[in-house]
Amino acid sequence: SPFPHLQTLVLDGNSISDWSIVRRAVAMFPNLQALHLNGNCLGENLEGLKELAEDQTPRRLHTLFLNENKLASWKAVAALSEYVLLELKVQRNPVTEGLSPVASPQLLRQVLIALMPTLLRLNSSEIPVKERTASERYLVGIALQQGNQVINALSEGCNVQRHVQRLMD
């Protein structure tokens, strides 16, 4: 490893579209804690995102910056939510901006908080216990609605019922 003590890696604006960059960065820099991938093309293709979340290799990476990428669907949000993090930044992505957003920034925040129990900060903002509780209740509520479009779309990228069961226990 050329930089064994590297803790932060900034790869902003490099037209990166392959999610395997996260796994490669973690493997190359064993002490990596924060990975900046702002202004790239992540999300156009979801290939590798599910495998990334399923990788149980011990790692120190706990912060991921994905502002201004191509995350445009609930499926992408769901797949990303399976990756265990303490901090995530996902502002200015097509899922909440542009000509046909699928969610408001507030709805995206609620869903990510409910799906990511380890998350402490989202888009540079602390997640207070009260907000987490409200977000989790909201997710359970919409999951109990028959045919809810958000839940159906999220189910394409993660096991929503497992999350609901975790929240109801």
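Residues numbered from 1 in each chain as written. Predicted model: local features only at pLDDT ≥ 70, side-chain atom pairs only at ≥ 80, totals over all residues. Heavy atoms only, no water.

Let's talk about the pattern of salt bridges
When the charged atoms of two side chains with opposite charge come close together, those side chains can pair. Overall, the coordinates contain 8 salt bridges when judged by the stated rule. The shortest N-O distance in the salt bridge between glutamate 54 and lysine 50 comes to 4.0 Å. Of this pair, glutamate 54 and lysine 50 both sit in helix α2 (residues 49-54), separated by 4 residues, roughly a single helical turn. Classification of lysine 50 as exposed rests on a relative accessible area of 51%. Each of Glu87, Arg121 and Glu126 takes part in salt bridges that share partners, so that together they form one network. (Salt bridge = Lys/Arg side-chain N within 4 Å of Asp/Glu carboxyl O. Helix = DSSP H or I, 4+ residues; strand = E, 2+ residues; numbered from the N terminus. Buried < 20%, exposed > 50% of the residue type's maximum accessible area, 1.4 Å probe, protein only.)

Re unusual backbone geometry
A positive phi angle, close to 55 degrees, is found at arginine 92, a residue other than glycine. Among the secondary structure elements, arginine 92 is positioned in the loop between β4 (87-89) and α4 (105-115).

Here's the deal with the environment of histidine 163
Locating histidine 163 in the fold gives a position in helix α7 (residues 160-168). The sequence separation of histidine 163 and valine 84 amounts to 79 residues, and the corresponding C-alpha distance is 14 Å. Discounting chain neighbours no more than four positions away, the residues touching histidine 163 are Glu82, Leu115 and Cys158. (Contact = heavy atoms within 4.5 Å.)

Some thoughts on the environment of glutamine 161
Among the secondary structure elements, glutamine 161 is positioned in helix α7. Along the primary structure glutamine 161 and isoleucine 21 are separated by 140 residues, whereas in three dimensions their C-alpha atoms are 29 Å apart.

Let's talk about the nonpolar core
Ranked by size, the top nonpolar core spans 54 residues in total, and within it Leu35, Leu37, Leu64, Leu66, Trp74, Leu88 and Leu154 carry the most contacts. Sorting the residues of this core by element identifies α1 (20-28), α2, α3 (74-81), α4, α5 (129-143), α6 (149-154) and α7 as the ones contributing at least two each. Element by element, the count of residues in this core is highest for α4, at 7 residues. The contact partners of leucine 88, leaving out residues within four places of it in the chain, are Leu64, Leu66, Leu80, Leu112, Met116, Leu119, Arg121, Leu122 and Asn123. (Core = buried A, V, L, I, M, F, W, Y, C linked by side-chain atoms within 4.5 Å.)

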